[in-house]
Amino acid sequence: MNILDSVSTLKGIGSKKAKIFSDYGINTLEDLLYFFPRKYEDRRQVCPISELVTGKEYLISGKVISKRYSGGARRRNSPLSLIVGEGKDSIEIVFFNGKYIANFFNVNGEYVFYGKVSENLDRKQMLHPEFYKAGDAADIRGIVPVYPGIKGISQNEIRKLQLRLTEIYDQVEEWLPEEVVDENRLASPAFAVKNIHFPADGKHMLQGKYRLIFDELLTLEAGLCYLKSGARNEGEGVAISTDDAGEFIGNLPFRLTEGQLHAWQDIEKDLASEKAMNRLIQGDVGSGKTVIAQLCMFLCARSGYQSVIMAPTELLANQHLNSFKEAFCKYDINIALLCSSMKAAEKRDILEKLESGEIDILIGTHAVIQPNVKFKNLGMVITDEQHRFGVNQRVTLSQKGKNPNVMVMTATPIPRTLAVILYGDLDISQIRTMPEGRKPIKTYVVKADARNRAYDFVKERLREGRQAYVVAPLIEESENIDAKSAEELYKELTDKFRGFKVALIHGNLKAAEKDGIMDTFASGEIDVLVSTVVIEVGINVPNSTVMIIENCERFGLAQMHQLRGRVGRGSEQSYCFLICHNESKVALERSAIMASSCDGFDIAEEDLKLRGPGEIFGTRQHGLPEMHVSDLVRHADVLEKAKDIAKNIIDEDPQLTDPKYVKLKGRIKKMFGDGIRLEL
Ligand code: ADP
Ligand code: MG
């Protein structure tokens, strides 16, 4: 057996199961080895049946004394009942759907069961326990790994496969330089892998786990350092004069808020200094980040430089185009839009004008980082809603110019620990004030069966001429997920809101369709917009003052906060209803946080306490690769170490050309996938 063999070389893995594994990113035996348990069950002791206590989980072993199964091949869903053990020391094992397993058990056979003990009319029972023949490969008397669920492959199967892999543990090689291993007193990778799957005891498991966490975080940091080493523009920057700032600010229809002014002061210093700017602007939804970008781009144009702003969706790029056109109508400045859905001829025209320098300001989506986009003299690059992009995309954008000033904007209130990892190369400005006259959005948690009351409330607002958003977690109905789909809601609401115009928007629509619908909504012709999270970022329709979020338990708090930011954009009081289908303690606590605060930074902090960062900032939210064993906040101390080591490595060997880093490169490549260009 070789660690690089395909999983399909294992007995029992046919093409169908190989495909399932592949869907979970498991292709080789090594991948399977690195598929770690999510928890363990202590099955070191077999509990005598006489000592079982109702309500707890046990491992029991015993002889089947009798078996009752009344179903035949044709009748389905007949329960199977087994009596295991003798006399008073017996227990009934019940499987409600016995058809497929009735033949597995033989009277007088010895079996092992693991499950929770319950009681029925004085008789001890186990319902649907895990089971196997005594002495079978799956009969692990020890600490038993429980793996993350894989649809179509049982825990027992995974365990048996993992047991087979014990043969190749010795092929798991050390990959770190000796001094790093010694200095950090790391266990060997082989030890780590063995003890994460089948630990002898808790101490071994923790030693192994520490090594794996260390490996994962070091790989992450090395990848980030590698990406960023090309990103920070340490050299002399493009000089942008700030002389005309007063003119632009004076012409605005409003006064800048205190927070905006602070951000501007930071930027002004950056621009005045000889070095290029590298700045992150962090500000809640609606705090007015766009105008700061506009001001910068205005100054670039006045100084004779081009600038570009990249947004995560076409919808948002179009909206920027409109607001830029309005803000720049007084000035002789050329603005253009570049999106992938545009016609080839149109694109070609824009590309030419960019290269000749005719276009001053470019607004676009990912299209602007394509290799064919070339600028004449790029002075500043801006990424909007940075949390929707990967680090590598930001870096690619900044490489479009020669030491351009770099600004990234995000509404995700990232806790400091994470900000340092993600944006360690950037200076940070926060906008913590909202434009005047904004009222906090009144937020209510509504149980699913009371949602009609929320609808009645919405109707009243509609009658007053306001508009509403209704957000669903899914586009289409799904058999597997019990949640409202936008399509289903749309049907329901067209009926409920008869007399009003209801429309549906979701990510599967073509860009032009989406834009059309958004335009119609913005013009006020549509009253109720049913949507998925496509409206998450940047949409600005001040007349829309109510939002209903269906299945709020399915959204992250940070995400919900951003969604909610679509309302409360005008001077009218705005409202948000969170429809909660899950009344678990955590779900209710989370909703309560949303109801009690409108400050993104507060919400992020509370969410962090409740759930940990992995869940708040899913990969989609921060653009980092997925972590399997480590937790960026809980393991912050390891992360610090990893960061220092990674920095030293990259400082010493920026391209990782030294042969001793071959394995590190391989790991980085695997972790970052297409997100990284790294010569192997
Ligand atoms: P975000 O930070 O979420 O990108 P926007 O830049 O889209 O926020 O701003 C939201 C709205 O607030 C826009 O309509 C914008 O014109 C308006 N706005 C921005 N700054 C101010 C201000 N200082 N006073 C009043 N309105 C403002
Ligand atoms: Mg914005």
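The structure we're discussing is the one just above.
Starting afresh in each chain, residues are numbered from 1 along the sequence in its written order. Naming scheme: in the order in which they are written, chains are lettered from A and ligands are numbered from 1. Per-residue local features are limited, in this predicted model, to residues with pLDDT of at least 70; the limit for side-chain atom pairs, both in listing and counting, is 80 or more; totals at the level of whole chains, interfaces and linings are taken over all residues. To obtain the side-chain values, all non-hydrogen atoms of the structure were used and water was disregarded.

Visitor: How should I be thinking about the overall build of the chain in this particular structure?
Guide: In this description a helix means any DSSP run of H or I spanning at least four residues, a strand means any run of E spanning at least two, and both kinds are numbered starting from the N terminus. Summing up its helical and strand segments, the chain has 23 helices and 21 strands in all. Seen along its three principal axes, the alpha-carbon backbone of the chain occupies a region of about 95 × 70 × 45 Å. Residue burial in the chain is summarised as follows: out of 680 residues, 53% are buried. A contact between two residues is defined here by any heavy atoms of the two lying within 4.5 Å. Within the chain, contacts between residues separated by at least 24 positions form 73% of all contacts whose residues are at least 6 apart in sequence. Per-residue and other accessible areas were derived by the Shrake-Rupley procedure at a 1.4 Å probe size, with only the shown protein chains allowed to occlude residues. Accessible surface, the chain as shown: approximately 31,500 Å² in total, 48% of it carbon and sulfur. Between the centroid of the 90 positive side chains of the chain and the centroid of its 95 negative side chains there is a distance of 5 Å. Burial status follows relative accessibility: with a 1.4 Å probe on protein chains alone, a residue under 20% of its type maximum counts as buried, one over 50% as exposed, and anything between as partly exposed. In summary, the charge assignment counts Lys and Arg as positive and Asp and Glu as negative, without counting His or the chain termini. Note that the charge is assigned to NZ on lysines, CZ on arginines, CG on aspartates and CD on glutamates.

Visitor: Could you clarify how one ought to interpret the pattern of salt bridges in this entry?
Guide: Charged atoms that come close allow side chains of opposite charge to pair. What counts as a salt bridge is simple: a side-chain nitrogen of Lys or Arg found within 4 Å of a carboxyl oxygen of Asp or Glu. Going through the model one piece at a time under the given rule, you end up with 24 salt bridges. For the salt bridge of Glu-157 with Lys-17, the shortest nitrogen-to-oxygen distance reads 2.5 Å. One end of the pair, Glu-157, is in helix H3 (residues 155-164); the other, Lys-17, is in helix H1 (residues 15-23), with 140 residues separating them in the sequence. Under the relative-accessibility criterion, Glu-157 is labelled partly exposed at 28%. Among the charged side chains, a salt-bridge network with shared partners connects Glu-41, Arg-43, Glu-130 and Arg-159.

Visitor: Sorry, what's going on with the packing of aromatic side chains here?
Guide: The geometry of an aromatic ring pair is captured by two quantities: the separation of the ring centres and the angle between the planes. Note on ring pairs: Phe, Tyr and Trp rings are taken, using the six-membered ring of Trp, and paired if centres are within 6.5 Å. Classes follow the plane angle, with under 30 degrees stacked, over 60 edge-to-face and the rest tilted. Inspection of the entire model under this criterion finds 23 aromatic pairs. Between Phe-457 and Tyr-575 the ring centres are 4.7 Å apart and the planes differ by 70°, which places this aromatic pair in the edge-to-face class. With a gap of 118 residues between them, Phe-457 in helix H14 (residues 451-463) and Tyr-575 in strand S21 (residues 575-580) connect regions that are remote in the sequence. Ring pairs connect the aromatic residues Phe-95, Phe-104, Phe-105, Tyr-111, Phe-113 and Phe-131, which therefore count as one cluster. Whether a charge lies above a ring is judged from NZ of Lys or CZ of Arg, which has to be within 6 Å of the ring centre and within 35 degrees of the ring normal. The ring of Tyr-114 is capped by Arg-43, whose NZ or CZ atom sits 3.9 Å from the centre of that ring. Against the face of Phe-497 rests Lys-459, its NZ or CZ located 5.9 Å from the ring centre.

Visitor: Would you mind going over the nonpolar core with me for this structure?
Guide: What tends to happen in soluble globular proteins is that the nonpolar side chains get buried as a cluster. In terms of nonpolar packing, the biggest core is built from 64 residues, with Ile-267, Phe-328, Leu-338, Leu-362 and Met-407 touching the most fellow members. With 10 residues, the single largest contributor to this core is helix H9 (residues 290-302). Ignoring sequence-local partners within four residues, the contact set of Ile-267 consists of Met-277, Arg-279, Ile-281, Ile-292, Cys-296 and Met-407. Among the buried residues, those of types Ala, Val, Leu, Ile, Met, Phe, Trp, Tyr and Cys that are joined through side-chain atoms within 4.5 Å form a nonpolar core. Formed by 37 residues, the second largest nonpolar core is a distinct cluster that contains Leu-212, Leu-220, Ala-642 and Ile-645.

Visitor: I tried to follow the sheet that holds strand S19 (residues 528-531) on my own but got confused; where do I start?
Guide: At least two DSSP bridges between two strands are needed for those strands to be called paired. Ordered in space as S16-S21-S20-S17-S19-S18, the six strands form an open sheet in which the pairing is parallel. Two strands bound the open sheet, and with one partner strand each, they are strand S16 (442-447) and strand S18 (502-505). Between one strand axis and the next, the sheet turns by 20° as a mean value, whatever way the strands run. As paired strands, S18 and S19 are joined by four bridges and run parallel to one another. Each bridged residue has a counterpart across the sheet, and for Ala-503 the counterpart in S19 is Leu-529. For helices, the axis comes from a line fit to the C-alpha atoms of the stretch in contact; other axes are also lines fit to C-alpha atoms, and the angle between any two N-to-C directions lies between 0 and 180 degrees. Contacts from H14 reach S16, strand S17 (467-471), S19, strand S20 (544-549) and S21 within the one sheet, and its direction differs from that of S20 by about 165°.

Visitor: I would appreciate a short explanation of the site of ligand 1 in the present structure.
Guide: If you check the shell around ligand 1, you find 16 residues, and the closest are Arg-255, Gln-260, Gly-286, Lys-289 and Thr-290. Think of a polar contact as two N or O atoms within 3.5 Å of one another; within protein, one of them needs to be a possible hydrogen donor and the other a possible acceptor, and neighboring residues in sequence only count if both atoms come from side chains. Between ligand 1 and Gly-286, the relevant distance is 2.6 Å, taken from an oxygen atom to a main-chain nitrogen or oxygen of the residue. Within the backbone of Gly-288, a nitrogen or oxygen atom sits 3.1 Å from an oxygen atom of ligand 1. Considering ligand 1 on its own, with 570 Å² of exposed area, one finds that the protein chains cover 81% of that surface. Any residue with a non-hydrogen atom lying within 4 Å of a molecule or strand is treated as near it.

Visitor: Please clarify how unusual backbone geometry should be interpreted in this entry.
Guide: Glycine aside, a negative phi is what most residues show, and trans is what most peptide bonds show. Of note in the backbone geometry, Asp-122 takes a positive phi value of approximately 70° without being a glycine. Assignment of secondary structure puts Asp-122 in the loop between strand S5 (110-120) and strand S6 (123-127). What makes Asp-122 exposed here is its relative accessible area of 74%. Not every positive phi belongs to a glycine, and His-128 is a case in point at roughly 45°. You can see His-128 is positioned in the loop between S6 and strand S7 (130-133).

Visitor: Honestly, the environment of Lys-665 in this entry has me stumped. Any pointers?
Guide: One can find Lys-665 in helix H23 (residues 662-672). Sequence spacing of Lys-665 and Gln-45 is 620 residues, and the spatial spacing of their C-alpha atoms is 44 Å.

Visitor: Is there a simple way to think about the packing of H14 against helix H15 (residues 486-496) in this case?
Guide: Pairs of packed helices are described in terms of their axes, by the angle between the two and the distance that separates them. Contact geometry of H14 with H15 gives a least axis separation of 12 Å together with a crossing angle of 55°. Judged on the interaxial angle alone, H15 and H14 are oblique. Relative to H15, H14 is oriented so that their crossing is right-handed. Where H14 approaches H15, its residues Asn-452, Tyr-455 and Lys-459 are matched on the opposing element by Leu-489, Leu-493 and Lys-496. Three categories are distinguished: nonpolar for Ala, Val, Leu, Ile, Met, Phe, Trp, Tyr, Cys and Pro, charged for Asp, Glu, Lys and Arg, and polar for the others, with Gly belonging to the last. Its residues placed into classes, the contact of H14 with H15 shows three nonpolar, one polar and two charged. Working definition: roughly parallel below 35 degrees, roughly antiparallel above 145 degrees, roughly perpendicular at 65 to 115 degrees, and oblique for all remaining angles. Each crossing gets its handedness from the near helix: less than a right angle anticlockwise from the far helix is left-handed, clockwise is right-handed.

Visitor: Teacher, can you tell me more about the environment of Gly-565 here?
Guide: Tracing the backbone shows Gly-565 in the loop between helix H17 (557-564) and S21. The class for Gly-565 is buried, based on a relative accessible area of 12%. Taking C-alpha positions, Gly-565 is 17 Å from Ala-592, a pair spaced 27 residues apart along the chain.

Visitor: What's the story with helix H12 (residues 391-398) in this structure? I'm lost.
Guide: One turn of the α-helix equals 3.6 residues, which is why residues spaced by three or four share an orientation. With six of eight residues buried, H12 lies mostly within the body of the structure. For H12, the full list of buried residues reads Val-391, Gln-393, Arg-394, Val-395, Leu-397 and Ser-398.

Visitor: Just to check I follow, could you spell out the side chain of Glu-550 for this structure?
Guide: For Glu-550, the position within the fold is in the loop between S20 and H17. At 3.0 Å, the side chain of Glu-550 forms a polar contact with the side chain of His-581. Apart from the residues within four sequence positions on either side, Glu-550 is in contact with Arg-451, Tyr-455, Val-471, Ala-472, Pro-473, Lys-484, Leu-489, Phe-555, Ile-579 and His-581.

Visitor: Mind showing me how you'd approach the side chain of Arg-461 here?
Guide: Position of Arg-461 relative to the elements: it lies in helix H14. Owing to a relative accessible area of 11%, Arg-461 belongs among the buried residues under this scheme. Beyond its immediate stretch of four places on either side in the chain, Arg-461 contacts Arg-466, Val-546 and Tyr-575.

Visitor: I'm lost on the packing of helix H8 (residues 258-272) against H9 in this one. Help?
Guide: Contact geometry of H8 with H9 gives a least axis separation of 11 Å together with a crossing angle of 30°. It follows that H8 is roughly parallel to H9 by the angle criterion. Like other packed secondary-structure pairs, H8 and H9 cross with a definite hand, here right-handed. Residues Gln-260, Trp-264, Ile-267 and Leu-271 of H8 form the contact with H9, whose own contacting residues are Val-291, Ile-292, Leu-295, Cys-296 and Leu-299. The class makeup of the residues in the contact of H8 with H9 is eight nonpolar, one polar and no charged.

Visitor: Hey, could you run me through helix H6 (residues 202-229) in this one?
Guide: With 28 residues, H6 extends 40 Å from end C-alpha to end C-alpha; this agrees with the ideal 40 Å at 1.5 Å per step. Taking burial as the measure, the 28 residues of H6 include 20 buried ones, the bulk of the element. Each helix should span, by expectation, one fewer than its residue count multiplied by 1.5 Å.

Visitor: How should the sheet that holds strand S11 (residues 335-338) be read in this particular structure?
Guide: Picture the strands of a sheet paired through backbone hydrogen bonds; they go either parallel or antiparallel. Read from one edge to the other, the open sheet built from seven strands follows the order S11-S12-S10-S13-S14-S9-S15, with strand pairing classed as parallel. Both outer strands of the open sheet, S11 and strand S15 (427-431), are each paired with one neighbouring strand and no more. Shown here is a sheet whose adjacent strand axes are inclined to one another by a mean of 20°, direction ignored. Taken strand by strand, helix H11 (residues 344-356) contacts strand S10 (306-310), S11 and strand S12 (361-364), and its axis lies near 130° from that of S11. Sheet strands in contact with H12 are S10, strand S13 (378-383) and strand S14 (405-410), and its direction is about 165° off that of S13.

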